[in-house]
Amino acid sequence: MTMTPEQAAWFADTFEKLVANVGQAVLGKEHVIRLTFTAMLAEGHVLFEDAPGTGKTSLARALAATVQGSNNRIQFTPDLLPSDVTGVTIYDQKTQKFEFHKGPIFNNIVLADEINRASPKTQSALLEVMEESRVTVDGVTYEAGRPFMVMATQNPIEQAGTYRLPEAQLDRFLIKTSIGYPDHASTVRLLGGSNLKDRSQELSAVITTQAVADMADLAATVHVDTAVLEYISRLCEETRSAPETRLGVSVRGALAMVRAAKVWAAGQGRNFVLPDDIKELAPVVWTHRFVMDPEAEFSGATAEAVLTRILADIAAPQQRTNA
């Protein structure tokens, strides 16, 4: 069943209310908020590469408050263990049974702060839950619930004592973006409200977590024409064959684009995806999946430049593909 125009209008109206509500706590960052909600409703995860103090924790708290969800923050450090993330099974002497104590990953929104400071072993604890929304401990599987989103951060400046995220983990992030510093007007507003240490506490919920899950299911019914699917496939093939790349966009990356584009289209009141949606989302959905050739990178090539060239070279379908 395809989303109806009436459903698309309702989705867009609700999406705007969600963005506006979070915008009361995270000032001047409407586009980033839209991307984050797009990832949530596409049931994906977001990686923020940002300097400290730009509002990443505030964004996570504001999102949770807006959807009546739970949130938790994990500070990734070199001595963090996988069980510190997923949880641990402990033997209870009173009941003489093993009981599983859930870790902080069992929340609707999980902020994995400075994820690249933890060891690869601990980072790998996130692979299953990010892909399948479930955790397996001692042979028993536990569901993470819906909605579930990991918002991970890494500092682009301080690299001492960090571990580079492996490609398999980068590929599990639907979107990579940055919040950045607020503009002048937003900064003045923030400074004027300095007595509010956590603006997210002032927010009221807009919808429930069940409604978020329903919106995600509804977004999945947005129509994507075969011509648009062929366009996505062609773009992915070009990223793999580009001389500047060793690895291009994976099949997971192509599927991620389809899911994100459906939400992006519905958020604008459409029940169909346009090629322009793909062009707009490509930089944040695809560039972090590139593995650049070292020689090309040394010569100044960047993933963003390669993608820009490919988008210019590959002709997009012209027809207005609606349902």
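Residues numbered from 1 in each chain as written. Predicted model: local features only at pLDDT ≥ 70, side-chain atom pairs only at ≥ 80, totals over all residues. Heavy atoms only, no water.

Focus on the UniProt feature "domain: ChlI/MoxR AAA lid" (unreviewed entry) in the chain
Under the UniProt annotation, "domain: ChlI/MoxR AAA lid" (unreviewed entry) lies at residues 238-309. With 62% helix and 7% strand, the stretch residues 238-309 has end C-alpha atoms that lie 10 Å from each other. (UniProt positions renumbered as here; feature names shortened; annotations may be inferred. Helix = DSSP H or I, 4+ residues; strand = E, 2+ residues; numbered from the N terminus.)

Digging into the sheet that holds strand β2 (residues 71-75)
Here we have five strands laid out as an open sheet, ordered β2-β5-β8-β1-β9, and parallel in their pairing. Of all strands in the sheet, those bounded by a partner on one side alone are β2 and β9 (175-177). Neighbour-to-neighbour, the strand axes of this sheet turn through a mean angle of 15 degrees, independent of strand direction. Where strand β1 (residues 46-49) and strand β8 (residues 149-154) come together, four bridges link them in parallel fashion. In the sheet register, Val 46 faces β8, and the bridge partner there is Met 151. (Pairing = 2+ DSSP bridges. Axes fitted to C-alpha atoms, helices over the stretch in contact; angles between N-to-C directions.)

Thoughts on the pairing of strand β7 (residues 140-143)
Both strand β6 (residues 134-137) and β7 contribute to a ladder of four bridges, which runs antiparallel. Paired with Arg 134 across the strands is Glu 143, a residue of β7. Where β6 folds back on β7, the antiparallel hairpin that results is connected by two residues, among which Asp 138 adopts a positive phi of roughly 55 degrees.

What about the packing of aromatic side chains?
A complete count under the given rule lists five aromatic pairs for this structure. Relative to Phe 106, the ring of Phe 100 has its centre 6.0 Å away and its plane inclined at 75 degrees; by these criteria the two rings are edge-to-face. Accessibility expressed as a relative area gives 13% for Phe 106, which makes it buried. Phe 100 gets classed as buried once you look at its relative accessible area, which sits at 16%. (Phe/Tyr/Trp six-rings, centres within 6.5 Å; stacked < 30°, edge-to-face > 60°. Buried < 20%, exposed > 50% of the residue type's maximum accessible area, 1.4 Å probe, protein only.)

Re the packing of helix α1 (residues 5-23) against helix α11 (residues 251-267)
Between α1 and α11, the least distance of the axes is 7 Å, while the angle of their chain directions is 90 degrees. On the basis of their axis angle, the class for α1 and α11 is roughly perpendicular. Residues Ala 8, Phe 11, Ala 12, Phe 15 and Glu 16 of α1 form the contact with α11, whose own contacting residues are Val 263, Ala 266 and Gly 267. Residues of the contact of α1 with α11, tallied by class, amount to six nonpolar, one polar and one charged. (Parallel < 35°, antiparallel > 145°, perpendicular 65-115°, else oblique. Contact = heavy atoms within 4.5 Å. Nonpolar A, V, L, I, M, F, W, Y, C, P; charged D, E, K, R; others polar.)

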